[in-house]
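Read off the chains here:
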Amino acid sequence: MATSTTDAPLVRPDSTIVNAVKAVALLRESPVGLFGALIVLFFVLLAIFAPLVSPFDPNATILPFAFPGTAAPDGGVFLFGTDHLGRDILSRIIWGGQRVLFYATVATISAYIVGIIMGLAAGYFRGYLDEIISFFANVILSFPIMVLYVLIIAKVGASGLNIIFAVVFASSPGIMRIVRGVTMDIATRDYIAASQTRGEGPWYIMLVEILPNARSPLIVDFCLRMGYTTITIGALGFLGLGLPPPDPDWGGMITETRAFVTGGFPHMAILPACAVSLLVLGFNLLADGLREVSLKD
Amino acid sequence: MPQLIMRRIGMMILIMLTVALLLFLMNEGDPRLIARSVLGPYAQDQQLDAWIVQHGYDRHILVRYVEWIGRVMSGDLGDSIIYKRPVNEIFWDRLGNTGILAGVTFVVMVIVALTLGVLAGMKEGSTQDRVISVFSITTTSIPEYASAVLLAWIFVFTLGWLPGTSSMTSGFNVVELILPVMVLTLYGFGYVARMTRASMAEVMTNPYIRTAMLKGLPYRHIIMKHALRNALIAPFTVIMLQINWLLSGVVVTEFAFGYKGFGALLLEAALRRDIFVIEACGTAAVFVAVFTQTIGDLGYTYLNPRIRFK
Amino acid sequence: MADPNGKGNGSGEPPVLEISGLRLSYYTRAGEVPAVMDFDLTIAKGESVGLVGESGCGKSTVANGIMRYMGKNGGIVGGTIKFQGRDMAELSEEEIRRVRGKDIAMIYQEPMAALNPSLTIAAQLMEVPMIHEGVSEEEAFQRSFDMLAAVNIPDPKRLMDSYPHQVSGGQQQRVVIAMALLSKPALLLLDEPTTALDVTVEAGIVELIAELSKESGASLLYISHNLGLMLEVCDRICVMYSGEVVEEGHIDSIFSWPKHPYTHGLFGCIPLPHADKNARPLAAIKGQLPLPHQRPKGCYFGPRCESFQAGRCDADHIPMEDVHTDDDPAHRVRCLRWNEIDHDAVVSNETTREPIEVGDTVLEVDNMRKYYDVKESTLATLISREAVRQVKANESISFDAGEGETVAIVGESGCGKSTFAKVLMGLETATDGEVRLDGTDLGSIEVKKRTPEQLASLQMVFQNPNDTLNPSHSVGYQIGRVIKRFGIESDPAKIQDRVHKLLDTVKLPRAFAARKPRQLSGGQKQRVGIARAFAGNPKTVIADEPISALDVSVAAAVTELLMDIQREHRTTLLFISHDLSAVRYLSDRVVVMYLGQIMERGTTEEVFAPPYHPYTEALLSAVPIADPEVEKRRIVLEGNLPSPLDPPKGCPFSTRCQRKVGSICDDEPPPVRLDTEGHSIACHIPLEELREVEPVITIPDRDLEATT
């Protein structure tokens, strides 16, 4: 690859991380976006410090069917109550959040790497390569996404790695389409012609000249997709195709306890349902705020 | 125009064939697995081999693929391994049930989404816009499996107004349809509403709206005649794409409420490796999705005079 | 403050529009930003008033203010607008709506965007009388039909049923004009109505506007950045700078005796026919337009003014003053020193330059052709496999250019000048023929296969300042990258040093190296573009419309800069442009193109004097010249540029030619006739006849004397 990494400080392109930080700093313009960012940050911190903040062992069966606020037998309080097997719901939500955030992040980033490379190549080289890539993207995108997940997971089995694989397979075509569109637009700009006429190679042009200018739609889409992947991982857990038990998983928690909602113990399923909705809301508001800010500039 | 339609339909057939090939490879790529599924876990190797030869599974996969396509086209979907009956006998009922659920949801969702979207986009940045936007972004953040338990808690447990399952055991019952439709609509309408809003807001900033304003046309006339016509072109495609998403939601919602639709059938088949049912459901789902998407694309070109009269 | 009696054209009727003390503001995150201040204007019945100024001076805001259409974040802060004696501020929303489109109509810059893409032209026209006058559908149709005929649309019937995208830009603008005139407005606001059009199409529209306003008796407020156009349309003009009128008066008076240093400066920036790059170079105005919230105290033009006097010009806000001349009692100026300044004495750019000696031939273009394949995808062609049609973007292009020479390639949109640039740069390869740079044929070598030396020796300055630089990288990175790629320097410190030197060359502060393009103005971006093109010491530079997107005062500075660097490096400059004024000013030789073919080529003197190719002749006539003493023969071309997909069979210009001989023009390609060694014309008309043609432009003696 023809990218350069040895430039003098003066002539180095700004790092994307710096720009991302700047973008978040801009969020003070959008209160809604800032609120979203705070929600996401809250869950990220919970996930990082799960061992410290989680009051109980998430898999320990202590006291079944406890309502929120019940005192635990050997000290402490079940703030969110316990489930039918006597496990502390708050602790399970915290650890479940860590798991979902980890898998969603890894899966989405992997999908992005695949989608960006495909999209840049299709949009920049055009021609047959584009037609082939776009055709297969269309094929994958024509599956109703949950049907695709059910088919894949049923085939390869439920495991963390397979979930990542399924997310990459299912969502990289969408990312590819966005990148392809932006690439085709940017490729017509004069500064691309200028870089071609100084003899730059195609991968330099794609990665250094085009990709940085595609960042605002991609950052927005990344946040949305994080939210959507969170939903998906939960849905797979809900359908019994998710991360293997007994480790907590929000979707799994809902499906295990939803029978008790109408039986007088609604908190067991409702609290994890609220957790997943809140995290997704955070991602969606963040994406919305970032979009608003990027349009203002 | 005519060649555009032909090309689009050609593309649709090509995608369908590719999807079918993928499904076929996934399910019938390894003949031993099929034999194992049909004959059960205790079958001997010789029995498996005999079954494979007997049913022609020793032939090349592409030959079998073409044969399978032929069978499907003539209406033969094979036999269900679990139910020990032809797939046809189970499948169409289930598809019909899903059709009712998805159809009702679609109508409700489109009405809600377009109304709210246009109202919000008409006056970008107004309170009306902000309220609608925050509401739709919030409902879009609540996945079906979460809203299913939340709504069940409110309407079934607390208020006692609605039944908690929709298995329709004592015949078709409209009341049992309410919760699933609510769940699907709540999660799905936001996207269309936001797209409509964006499209409407974009149209309102166009110079031709300024032209219409400065021609002294009444505001109502501008919205109805100049803005909506352009603003609804883009959402049309989104609405048609939404059917694809609706089918996704159907899988989760049917499972959540025990509704006997094709989504629940697919899930059950996938978990128990009922090969021919998986193939039938997968093909049907993709067919509906690709078909509506093609309609969406063609409709877009038809609605847009810039493409229609090129 | 207003002096309604002193202005107007002397008829006894009350003025149509009377604005006094108008203040318009926009509200942004930074607070209130005044866009227009202390604005007075009176327009009498049937009068045409021009509002001229560079971008950001507030001229369009005035039009929006009159219409009371300021958007969400704008508003009228003070002053009054009286229309036909009624105070607009007192009208209700509903009453305003009735005035809009009926009594005051507006014509816009981008006709394509101004028309609704999904309604037929008939629907958009008919609703005007139907809503304002409640006429029946039949009558509305008939009126619209008649009005389309009145704006010289050849086939109104077909056009009525068309959608906007189906008709050409010129016709779209005629439709917009028809729409504005349908309800016989008393006042017509025109906001840069021809800026988006080709010159030859523009000429037709300008003529139409002038005619119609005379016929209908409507008053005009004509907004434009182009002083030359003002001369053709307006009786009176107001010159605006940074939100204020700085000078107003009758057109002759302003053009002959501009009093304000800014107005005077503007004329110095325009390449008028008597300007000369060596003997009388353009005098650019220093500095740039202040941002609305950074306006200086006192005179807003102060920091850029050659006659600035500290303590006086930067003390208080400057009021308008009457200039009591006998010819024009309405001449007013916003300058404290207007009667002290001797404009002849403060010519800032007295420098004359030695003409460049043209050296050996550097670039030879020999019979170059570029055909594109256009895929057709009908079912029939799919079966017959003949799915390819050819577009002849460039046909038999031949010319050469010497060291240090400036060759201009002139033509309107679709003439193939940009394709030509692409072939030269290797972004496309020639279909046939050769493009030799220092003897090597580059026409067939695509950019990927060129050596770094070949790449460095041929560089380009691009048209659009907002597109020329990558918004993600700093200026320093973008220039430095070129230096590194071309192997001029590899040591980071030396690269940085060279970046700084290049910034010096293009007269930008060195600190700009760390800036991102969005922190630069359009002119500054173009300067960086020039620095980048010259970073590798190129032998030849192609400048593709480098100044067409810039304001007059900025364009002058960039033009001068480009020529200074060219002179210093003895670079061959290929100047691609549609602007004949700029071409006449800076080029040594000219190539005139139409639909991919060369119509005429020769030295600048030869091309700008008879014998002309009829297209050159029409083009010369179409270009507005901001000098009332220059006399121009008026030639307005019929019709539109043909599509390059479907060019005429014989002479490409035959469909619009004002001197068409007969069917030979339609059927046979014209012969190339040699007037002198370097001057050739491709036309069926014999040279003897073309020599008889009178010059299009007559420059008065006064200027000739001044030059000699």
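Residues numbered from 1 in each chain as written. Chains lettered and ligands numbered in written order. Predicted model: local features only at pLDDT ≥ 70, side-chain atom pairs only at ≥ 80, totals over all residues. Heavy atoms only, no water.

1. Things to note about the overall build of chain B
Summing up its helical and strand segments, chain B has 14 helices and zero strands in all. The order of helices and strands in chain B, counted from the N terminus, is α-α-α-α-α-α-α-α-α-α-α-α-α-α. When the backbone C-alpha atoms are referred to their principal axes, chain B occupies close to 85 × 60 × 30 Å. Considering only contacts within chain B whose residues lie at least 6 apart along the sequence, 70% involve residues at least 24 apart. Carbon and sulfur atoms form 68% of the exposed surface of chain B, whose accessible area is close to 13900 Å². (Helix = DSSP H or I, 4+ residues; strand = E, 2+ residues; numbered from the N terminus. Contact = heavy atoms within 4.5 Å. Areas by Shrake-Rupley, 256 points an atom, 1.4 Å probe, with all protein chains shown as cover.)

2. Some details on unusual backbone geometry
Residue and element names in this part refer to chain C. Residue Pro611 follows Pro610 across a cis peptide bond; omega there is 0°. By the secondary structure assignment, Pro611 is in the loop between α21 (604-607) and α22 (614-622). Not every positive phi belongs to a glycine, and Lys184 is a case in point at roughly 50°. Of note, Lys184 is situated in the loop between α7 (169-181) and β7 (187-191). Judged by its relative accessible area of 62%, Lys184 falls in the exposed class. (Buried < 20%, exposed > 50% of the residue type's maximum accessible area, 1.4 Å probe, protein only.)

3. Digging into the sheet that holds strand β2 (residues 31-43) of chain C
Residues and elements named next belong to chain C. With antiparallel pairing, the four strands of this open sheet are ordered in space as β2-β1-β4-β5. Strands at the two margins of the open sheet, each flanked by one partner only, are β2 and β5 (86-87). Bridge analysis of strand β1 (residues 17-28) against strand β4 (residues 74-83) gives eight bridges, and the strand direction is antiparallel. The residue bridging Ser25 from the neighbouring strand is Gly75, located in β4. Sitting on the sheet, helix α1 (residues 59-66) touches β1, β2 and β4, and the angle it makes with β1 is about 110°. (Pairing = 2+ DSSP bridges. Axes fitted to C-alpha atoms, helices over the stretch in contact; angles between N-to-C directions.)

4. Concerning the packing of aromatic side chains
Residues and elements named next belong to chain C. Scanning the model with the defined rule gives 26 aromatic pairs over all chains in all. Where Tyr262 meets Phe301, the ring centres are 5.3 Å apart and the plane angle is 65°; that geometry is what we call edge-to-face. Taken as a pair, Tyr262 in helix α11 (residues 261-269) and Phe301 in the loop between α11 and β11 (321-322) lie far apart in primary sequence, 39 residues in all. A relative accessible area of 3% places Phe301 in the buried class. (Phe/Tyr/Trp six-rings, centres within 6.5 Å; stacked < 30°, edge-to-face > 60°.)

5. Quick word on the pairing of strand β16 (residues 432-437) of chain C
In regular strands, side chains alternate between the two faces of the sheet. All names here are of chain C. Bridge count between β16 and strand β17 (residues 440-441): two bridges; the pairing is antiparallel. The residue bridging Arg436 from the neighbouring strand is Asp441, located in β17. Here β16 hands over to β17 after two residues, with Asp438 in that stretch at a positive phi of 50°.

6. Considerations on the interface of chain B and chain C
In this assembly, 23 residues from chain B lie in contact with 30 residues from chain C. Across the chain B-chain C interface, the total number found is two salt bridges. Put simply, chain B and chain C have 14 residue pairs in polar contact (both at pLDDT 80 or more) between them. Contributing elements (two or more residues each) for the side of chain B that touches chain C: α1 (2-28), α9 (207-214), α10 (219-231) and α14 (305-308) of chain B. The greatest single-element share of the side of chain B that touches chain C, amounting to six residues, is contributed by α9 of chain B. Looking at the side of chain B that touches chain C, its residues break down into nine nonpolar, six polar and eight charged. (Salt bridge = Lys/Arg side-chain N within 4 Å of Asp/Glu carboxyl O. Polar contact = N/O pair within 3.5 Å; in protein donor to acceptor, adjacent residues only side chain to side chain. Nonpolar A, V, L, I, M, F, W, Y, C, P; charged D, E, K, R; others polar.)

7. Observations concerning the sheet that holds strand β8 (residues 219-224) of chain C
Adjacent strands of a sheet pair through backbone hydrogen bonds, lying either parallel or antiparallel. Residues and elements named next belong to chain C. Reading across from one edge, β6-β7-β8-β3-β9-β10-β12-β11 is the order of the eight strands in this open sheet, with mixed pairing throughout. Edge positions in the sheet fall to β6 (104-107) and β11, since each of these pairs with one other strand and no more. Sheet topology note: the strand β3 (residues 48-52)/strand β9 (residues 236-241) ladder contains four bridges and is parallel. The partner of Gly50 across the bridge, within β9, is Ile237. Strands in contact with α1 are β3, β6, β7, β8 and β9; relative to β8, the strand with the most contacts, it is inclined by about 145°. Helix α8 (residues 199-216) contacts β3, β7 and β8 of the sheet and is inclined by roughly 155° relative to β8.

8. Points about the interface of chain A and chain B
The parts lose accessible area when they come together, and the size of an interface is often stated as this lost area. Chain A puts 45 residues into the contact, and the matching count from chain B is 45 residues. Approximately 3900 Å² of surface area, both sides summed, lies buried where chain A meets chain B, with 76% of it carried by carbon and sulfur atoms. Counting across the interface, chain A meets chain B through one salt bridge. A salt bridge links Asp288 of chain A to Arg194 of chain B; its shortest N-O distance comes to 2.7 Å. For the side of chain A that touches chain B, the secondary structure elements donating two or more residues are α5 (127-141), α6 (145-156), α10 (215-238), α11 (250-257) and α12 (267-296) of chain A. Grouping the amino acids of the side of chain A that touches chain B by side-chain chemistry returns 30 nonpolar, nine polar and six charged. (Buried area = accessible area lost by both parts, 1.4 Å probe.)

9. Some details on the confidence of the model for chain B
Within chain B, residue pLDDT values average 87, and 99% of them lie at 70 or more. The least confident element of chain B, judged by mean pLDDT, is α14 of chain B at 74; the most confident is α9 of chain B at 92. (pLDDT = per-residue confidence, 0-100.)

10. Description of the nonpolar core
Counting 174 residues, the largest nonpolar core has Phe39 and Ile237 of chain C as its most contacted members. Examining the composition of this core, we find that eight residues originate from one element, α8 of chain C, more than from any other. Core analysis: the next-biggest nonpolar cluster, separate from the first, contains 133 residues, Phe135, Val182 and Ala275 of chain A together with Leu265 of chain B among them. (Core = buried A, V, L, I, M, F, W, Y, C linked by side-chain atoms within 4.5 Å.)

11. Concerning helix α3 (residues 45-54) of chain B
All names here are of chain B. For α3, every residue scored as buried is listed here: Leu48, Trp51 and Ile52. Within α3, the buried residues cover an arc of 100° as seen down the axis, which keeps them to one side. Facing away from the buried side of α3 by over 90 degrees, the exposed positions are Gln46, Val53 and Gln54. In the stretch just after α3, Gly56 is the one whose phi turns positive, near 75°. (Arc of directions from axis to C-beta.)

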